[in-house]
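If you want the building blocks of each chain, they are given just below.
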Amino acid sequence: MEEDAGKLMHSGNGSYVDLNRAGVPLLEIVSEPDMRTGIEASEYAAELQRVVRYLGVSNGNMQEGSLRCDVNVSVRPIGQAEFGTKVEIKNLNSFSAINRAIDFEISRQVNLHSQGQQDSIVQETRLWEEGAQKTVTMRKKEGLADYRYFPEPDLPEVVLTKAYMDSVGKSLPELPEAKRRRYEEMGLSMQDVLFLANDIAVADFFDATIQKGADVKLAANWIMGDIAAYLKNEKLSINDIKLVPHELAELIASIKSGTISGKIGKEILFELLAKGGTVKGLIEEKDLVQITDLVDIEKMVDKVIAENPKQLEQYRSGKTKLQGYFAGQVMKASKGKANPGILNKVLVEKLNAKV
């Protein structure tokens, strides 16, 4: 545990010290040297970001400096027990940068080994140059003495009892790994699991929706499909939308019961996302209840067929793809309210009827 320090900034007008984050509590997490690739390390960092967000201790935004990463890289010949000389890469501010910087540094050190120049690998701090896609020397380190370690008499030891740590453990919310396992057990695909559990706000919205009785897979599909697309286009988070989980569950139930069609469901969804309201209220206000009465649908089909004799003749001559044209005309006449299943059944019977 530390306090954030001032940051030396460089610009065209000279250098200055940014003290905006000075004194902000800083927690440093040091991993064991047991990762072997850039992608493994970047995935580890991404999981740490998810954990801090789930716990609510930080927003974990790397671009804002809320989460930063320094990596230490060393290589050793196969069969060698001890680690090689450690090189540190400072202040990586994206997961892709962590991935690429580590893989570049591994490659650089392996090449030096293969050329017999392993002695030129020295303990130093390097920076990742995004433009050049390479690491460059920032400063050399002779050893631990350069850190100026000394005891701080005003900082007492922090001793945590097992009972205290157990009580903290019991107070934790469901963490990302446990949530992913739970979603897997619900029968969701790995793609669904990873998407839903990645963002705590999305996971909470999904959980609240299925707690209202929504079908698990249908809820996942709506959130990952139309809702996610809307958020991306509008540059919003799921916390910014007017739609609430209860109404998404109501929308799914209304489509499943046949009260409205899936097409009308999408129209209602976008209104709920932008303006809020209730599914039942919008159905009543816009008269969107699906037409399921067989006689009503037959009348519409008969009218459309009578108005399109040329297309009927072509259909009966073998151009069966025109069934879609007739279905579209009936849907247009019904303002999208005709039940698609009943409509297609009636249409096939009427179009193929022997004259």
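Residues numbered from 1 in each chain as written. Predicted model: local features only at pLDDT ≥ 70, side-chain atom pairs only at ≥ 80, totals over all residues. Heavy atoms only, no water.

*Asks:* What should I look at first to understand the packing of helix 11 (residues 294–307) against helix 14 (residues 340–351) in this one?
*Replies:* Helix-helix packing is characterised by the crossing angle of the two axes and by the distance between the axes. At their nearest, the axes of helix 11 and helix 14 sit 10 Å apart, and the two run at 50° to each other. In this view, helix 11 runs oblique relative to helix 14, as classed from their interaxial angle. Two packed elements cross with a definite hand, and for helix 11 against helix 14 that hand is right-handed. On the side of helix 11, the interface is formed by Leu-294, Ile-297, Glu-298, Val-301, Asp-302 and Ile-305, while helix 14 contributes Ile-342, Leu-343, Val-346, Leu-347, Lys-350 and Leu-351. Across the contact of helix 11 with helix 14, the residue classes tally to 9 nonpolar, no polar and 3 charged. (Axes fitted to C-alpha atoms, helices over the stretch in contact; angles between N-to-C directions. Helix = DSSP H or I, 4+ residues; strand = E, 2+ residues; numbered from the N terminus. Parallel < 35°, antiparallel > 145°, perpendicular 65-115°, else oblique. Left-handed = near helix turned anticlockwise from the far one by under 90°. Contact = heavy atoms within 4.5 Å. Nonpolar A, V, L, I, M, F, W, Y, C, P; charged D, E, K, R; others polar.)

*Asks:* Just checking my understanding: could you explain the confidence of the model for the chain for this structure?
*Replies:* Note that predicted coordinates carrying low pLDDT should not be read in detail. Overall, the predicted model of the chain reaches an average pLDDT of 91, with 97% of residues at or above 70. Averaged over each element, pLDDT in the chain is lowest for strand 2 (residues 7–11) (78) and highest for helix 4 (residues 176–185) (98). (pLDDT = per-residue confidence, 0-100.)

*Asks:* Would you mind showing me how to read the UniProt feature "domain: Asn/Gln amidotransferase" (unreviewed entry) in the chain here?
*Replies:* Per the UniProt record, "domain: Asn/Gln amidotransferase" (unreviewed entry) is found at residues 204–351. Taken as a whole, residues 204–351 contains 71% helix and 0% strand, while its terminal C-alpha atoms sit 49 Å from one another. (UniProt positions renumbered as here; feature names shortened; annotations may be inferred.)

*Asks:* Quick question: what am I supposed to make of the sheet that holds strand 8 (residues 134–140) here?
*Replies:* The strands making up a sheet associate through hydrogen bonds between their backbones, and the pairing can be parallel or antiparallel. Across the sheet, which stays open at both edges, the 4 strands sit in the order 5-6-7-8 with mixed pairing between neighbours. Each end of this open sheet is capped by a strand with a single partner; those strands are strand 5 (69–73) and strand 8. Shown here is a sheet whose adjacent strand axes are inclined to one another by a mean of 30°, direction ignored. As defined by bridge partners, strand 5 adjoins strand 6 (residues 87–92) across 4 bridges and the pair is classed as antiparallel. (Pairing = 2+ DSSP bridges.)

*Asks:* Would you explain the packing of helix 7 (residues 216–234) against helix 8 (residues 245–256) in this entry?
*Replies:* In contact at an axis separation of 11 Å, helix 7 and helix 8 are set at 110° when each is read in the N-to-C sense. Relative to helix 8, helix 7 is oriented roughly perpendicular. Here helix 7 contributes Leu-218, Ala-219, Trp-222, Ile-223 and Ile-227 to the contact with helix 8, which in turn contributes Leu-248, Leu-251, Ile-252, Ile-255 and Lys-256. Its residues assigned to classes, the contact of helix 7 with helix 8 shows 9 nonpolar, no polar and 1 charged.

*Asks:* Help me understand the environment of Val-348 in this model?
*Replies:* Residue placement: Val-348 occurs in helix 14. As a C-alpha pair, Val-348 and Gly-79 span 269 residues in sequence and 73 Å in three-dimensional space.

*Asks:* For this particular structure, what's the right way to read the packing of aromatic side chains?
*Replies:* When we look at a pair of aromatic rings, we describe it by the centre distance and by the angle of the planes. Evaluation of the coordinates by the stated rule reveals 4 aromatic pairs. Look at Tyr-183 and Phe-206: their rings are 5.1 Å apart centre to centre, the planes differ by 85°, and that puts the pair in the edge-to-face class. Here Phe-206 lies in helix 6 (residues 200–211) and Tyr-183 lies in helix 4, a separation of 23 residues in the sequence. (Phe/Tyr/Trp six-rings, centres within 6.5 Å; stacked < 30°, edge-to-face > 60°.)

*Asks:* Looking at this structure, how should I read helix 7?
*Replies:* Residues that lie three or four places apart on an α-helix share one face, since the helix turns once every 3.6 residues. The terminal C-alpha atoms of helix 7, which comprises 19 residues, lie 26 Å apart, in line with the 27 Å expected from a rise of 1.5 Å per residue. Its axis deflected by about 35° at Ile-227, helix 7 carries its strongest bend there. Within the span of helix 7, buried status applies to Ala-219, Ala-220, Trp-222, Ile-223, Asp-226, Ile-227, Ala-228, Tyr-230 and Leu-231. Buried residues belonging to helix 7 abut helix 5 (190–198), helix 6, helix 8 and helix 9 (262–275). The backbone nitrogen of Lys-217 has a side-chain oxygen 3.1 Å away, supplied by the residue at the start of helix 7, namely Asp-215. Lys-235 lies just past helix 7 and shows a positive phi near 55°. (Expected span 1.5 Å × (residues − 1). Bend = angle between axes of the 7 residues up to and from the residue. Buried < 20%, exposed > 50% of the residue type's maximum accessible area, 1.4 Å probe, protein only. Polar contact = N/O pair within 3.5 Å; in protein donor to acceptor, adjacent residues only side chain to side chain.)

*Asks:* Is there a simple way to explain the pattern of salt bridges in this structure?
*Replies:* Think of it this way: side chains of opposite charge can pair up when their charged atoms draw near. This structure, assessed with the given rule, holds 22 salt bridges. In this structure, Asp-192 engages Lys-217 in a salt bridge whose closest nitrogen and oxygen atoms are separated by 2.5 Å. Highlighted residues: Asp-192 in helix 5 and Lys-217 in helix 7, separated in sequence by 25 residues. By relative accessible area, which is 3% here, Asp-192 ends up buried. Of the charged contacts, one joins Lys-350 and Asp-302 as a salt bridge, the two residues approaching to 3.1 Å between their closest N and O atoms. One end of the pair, Lys-350, is in helix 14; the other, Asp-302, is in helix 11, and 48 residues separate them in sequence. Asp-302 gets classed as partly exposed once you look at its relative accessible area, which sits at 35%. It is possible to trace a salt-bridge network through shared partners that takes in Glu-47, Arg-50, Glu-177, Arg-180, Arg-181 and Glu-184. (Salt bridge = Lys/Arg side-chain N within 4 Å of Asp/Glu carboxyl O.)

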